[in-house]
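Spelled out from the first residue to the last, the chains are:
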Amino acid sequence: MNKMSLENIWFRYGGGPWVIRDLSWSLSAGESWGVIGPNGSGKTTLLKVIDGILRPGRGDVLMDGMSIGGMSRRKLARLIAVVPQESEPVFSFTVEEIVLMGRAPYLTMFTFEGSRDRDIARNAMERTGVLPFARRSMRELSGGERQRVLIARALAQQPKVMLLDEPTAFLDIKYQKAVFDLITDLNREEGIAVVTVTHDLNLAALYCENLLLLSRGRVHSMGRPEEVITEERIASVYETEVKVDRDSETGCPRVILRR
Ligand code: ADP
């Protein structure tokens, strides 16, 4: 895949109000994007539209010019992998079982996973640092470890694009950093394009090459973090006064709240 394009996407749940409005955006191979915006601005919905779980009411998602609407789930799952929010019921499985599920899009109805699939799953576990827990139940792991297992499963899918929905929401700063470092490595070293939804504006500014700022289902702005994270833009979209300065070492924008 060289390019994924969203063309004038509109989406609503049932007959409700539009929650994605005329959204156009494109992602090229190997890019890293953060999706930010207030609660309810449409971030999770956008990921589901990209992944084909939700179909847009109008507009289209194209992979190298081909509409994903006409692709099978298997084909799409070889292109796009999702790291969901932690709510998924994965607790009754072992780490190894979860990661092997990432191979499902490559299996046919009559085959079980073979040694190649096991090797790929093993590499994914090694890459994400969860191999030592391979035989353990998900239930026994910490939140940060579970998050890395879900990233390993996505990696085992060998996708071109990885979508992550608030991967650090429940993690302390050590695990937040570990997860963002890992996502950045996968992006740079494996060439996987990554799209990370996050509430943490400072982590987004620090780790993502590009940001997409959503406001009420529309693209408010997109570009480099220093273009998107400005006092005016953040204050207007989040309806909150903020101060934005720059990290003196990295030059990265930093959002500061004042009482
Ligand atoms: P975000 O991820 O930015 O918080 P969401 O994509 O979850 O935003 O939600 C966008 C809007 O869609 C919100 O107004 C939300 O209430 C609504 N919404 C989300 N999921 C559903 C659903 N399953 N049915 C109806 N409305 C929904």
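Structure's up top.
These remarks concern the structure in this document. Only a predicted model underlies this, so the values are computations on that prediction, with no experimental measurement involved. (Residues numbered from 1 in each chain as written. Predicted model: local features only at pLDDT ≥ 70, side-chain atom pairs only at ≥ 80, totals over all residues. Heavy atoms only, no water.)

One non-glycine residue, Asp64, lies in the positive phi region at around 45 degrees. Of note, Asp64 is situated in the loop between β4 (58-63) and β5 (66-67). Residue classification places Asp64 among the partly exposed positions, given a relative accessible area of 43%. In this structure, Arg216 takes a positive phi of about 50 degrees despite not being glycine. Within the element layout of this structure, Arg216 appears in the loop between β9 (210-215) and β10 (218-223). Under the relative-accessibility criterion, Arg216 is labelled exposed at 62%. (Helix = DSSP H or I, 4+ residues; strand = E, 2+ residues; numbered from the N terminus. Buried < 20%, exposed > 50% of the residue type's maximum accessible area, 1.4 Å probe, protein only.)

Our focus in this paragraph is the site of the ligand. Around the ligand, the neighbouring residues are Tyr13, Val19, Pro38, Asn39, Gly40, Ser41, Gly42, Lys43, Thr44 and Thr45. Ser41 places a main-chain nitrogen or oxygen 3.1 Å from an oxygen atom of the ligand. One of the backbone N or O atoms of Gly42 is found 3.0 Å from an oxygen atom in the ligand. When the ligand sits alone it has 560 Å² of accessible area, and the protein chains cover 54% of it. When residues of the shell around the ligand are assigned to their parent elements, the largest contribution, 3 residues, is made by helix α1 (residues 43-50). Tallied by class, the residues present in the shell around the ligand amount to 3 nonpolar, 6 polar and 1 charged. (Near = heavy atom within 4 Å. Polar contact = N/O pair within 3.5 Å; in protein donor to acceptor, adjacent residues only side chain to side chain. Areas by Shrake-Rupley, 256 points an atom, 1.4 Å probe, with all protein chains shown as cover. Nonpolar A, V, L, I, M, F, W, Y, C, P; charged D, E, K, R; others polar.)

A separate point is the sheet that holds strand β3 (residues 32-36). Sheet architecture is open: 6 strands sit in the order β6-β7-β8-β3-β9-β10, paired in mixed fashion. The open sheet has two edge strands with one neighbour each: β6 (80-83) and β10. Between one strand and the next, the sheet's axes are offset by a mean angle of 20 degrees, whatever the strand orientation. Relative to strand β8 (residues 193-197), β3 runs parallel, the two being bridged by 4 bridges. Along β8, the bridge assignment pairs Val35 with Val197. Of the strands in this sheet, β3, β6, β7 (161-165), β8 and β9 are in contact with α1, which crosses β7 at around 150 degrees. Together, β3, β9 and β10 form the strand contacts of helix α9 (residues 231-238), whose direction differs from that of β9 by roughly 35 degrees. (Pairing = 2+ DSSP bridges. Axes fitted to C-alpha atoms, helices over the stretch in contact; angles between N-to-C directions. Contact = heavy atoms within 4.5 Å.)

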